[in-house]
Amino acid sequence: MPRKSPSRPSKTSSRRPTAGQADSGELRIIGGQWRSRTLTFPAVGGVRPTPSRVRETLFNWLMPVVPGARCIDLFAGSGVLGLEALSRGAEQVEFVDHTRPLTDALSANLKTLRCTDASVKCQDILAYLGQKPAQAADIVMMDPPFRQNWLSRLLPLIRDNGWGSSDSWVYIEHESELQSVPAPENWQLHREKTAGQVCYRLYRVMATDA
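Remember, predicted model here, so these are calculated numbers, not experimental data.

K.L.:
Sorry if this is basic, but what is going on with the overall build of the protein here?
P.N.:
For the protein, the helix and strand inventory stands at 5 helices and 9 strands. The N-to-C order of helical and strand elements in the protein reads β-β-α-β-α-β-α-β-α-β-α-β-β-β. Contacts in the protein between residues at least 24 apart in sequence constitute 65% of all its contacts with a sequence separation of at least 6. Counting only carbon and sulfur atoms, one obtains 46% of the accessible surface of the protein, whose full area is about 10,500 Å².

Printed below as a string of structure tokens:
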């Protein structure tokens, strides 16, 4: 793998492709049973998969906990984070995105991979997190559109509705100029790095006093 890759384009509020944009994008899974498998997804809303070097770092951090984990991939887009988790032994992944062409493509890609350990929901993220889960996730991953103040709305819902429990992990990507993440008090920052215009952080949810 090249030692240096181009910086990831910043995310904006637009959900439409720009003029001249290709009809489809491409992702390559970099680890696990599907290593080097290449999949396509529709190029809508400027969606870009998390870069390979960021994924490599993230899953090195998560290596001890991914096998057998129950995961949620919010703002799934191409689905690359959840697909990497499944490829590396996650027990189950639920992909959530509000864009129908992306969720349809993700469902088709899961069929191509003959994967039955995943579900795909086309749903508003705030509505999804506004309900209580049947069971807390072991790993919650989110890559929301940048510069739209998503984190201040999402993180309290994850905390208050029990999407993560003690010893769960929460992974967040955000714009690098954001200096402070409004993480709940019982979320302990485990790792943090910046790559170009993207900052990515991994938190561990700690037990709270009764």
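K.L.:
Teacher, can you tell me more about the side chain of E94 here?
P.N.:
Secondary-structure assignment places E94 in strand 4 (residues 92–97). Within the buried set, E94 has no salt-bridge partner at all; the shortest N-O distance to an opposite charge, 4.4 Å, is to K121. Polar side-chain contacts of E94 include one of 2.8 Å to the side chain of S119. Once you skip the residues sitting within four places of it in the chain, E94 turns out to touch C71, I72, D73, S119, K121 and Y128.

K.L.:
Where do I start with the packing of aromatic side chains in this structure?
P.N.:
To describe a pair of aromatic rings, one takes the distance between the centres and the angle between the planes. What the rule picks out here adds up to 5 aromatic pairs. Grouping aromatic residues by their ring pairs yields a cluster made of W61, Y171 and Y200.

K.L.:
What is the right way to look at the sheet that holds strand 7 (residues 164–175) in this model?
P.N.:
Sheet strands pair via backbone hydrogen bonds, and the direction of the pair is either parallel or antiparallel. Strands sit in the order 5-4-3-6-7-9-8 across an open sheet of 7 strands; the sheet is mixed. Both outer strands of the open sheet, strand 5 (118–122) and strand 8 (187–195), are each paired with one neighbouring strand and no more. Each strand axis lies, on average, 15 degrees off the axis of its neighbour in the sheet, ignoring direction. The strands that helix 2 (residues 80–87) touches are strand 3 (70–74), strand 4, strand 5, strand 6 (137–142) and strand 7; relative to strand 4, the one it contacts most, it runs at about 175 degrees.

K.L.:
Looking at this model, I keep getting lost on the environment of V205. Mind explaining?
P.N.:
With respect to the helices, strands and loops of the structure, V205 is situated in strand 9 (residues 198–205). A relative accessible area of 5% means that V205 is categorised as buried. As a C-alpha pair, V205 and W169 span 36 residues in sequence and 6.0 Å in three-dimensional space. Discounting chain neighbours no more than four positions away, the residues touching V205 are S165, S166, D167, S168, V170, N186 and W187.

How each quantity is defined
- Residues numbered from 1 in each chain as written.
- Predicted model: local features only at pLDDT ≥ 70, side-chain atom pairs only at ≥ 80, totals over all residues.
- Heavy atoms only, no water.
- Helix = DSSP H or I, 4+ residues; strand = E, 2+ residues; numbered from the N terminus.
- Contact = heavy atoms within 4.5 Å.
- Areas by Shrake-Rupley, 256 points an atom, 1.4 Å probe, with all protein chains shown as cover.
- Buried < 20%, exposed > 50% of the residue type's maximum accessible area, 1.4 Å probe, protein only.
- Lys, Arg positive; Asp, Glu negative; His and termini not counted.
- Salt bridge = Lys/Arg side-chain N within 4 Å of Asp/Glu carboxyl O.
- Polar contact = N/O pair within 3.5 Å; in protein donor to acceptor, adjacent residues only side chain to side chain.
- Phe/Tyr/Trp six-rings, centres within 6.5 Å; stacked < 30°, edge-to-face > 60°.
- Pairing = 2+ DSSP bridges.
- Axes fitted to C-alpha atoms, helices over the stretch in contact; angles between N-to-C directions.

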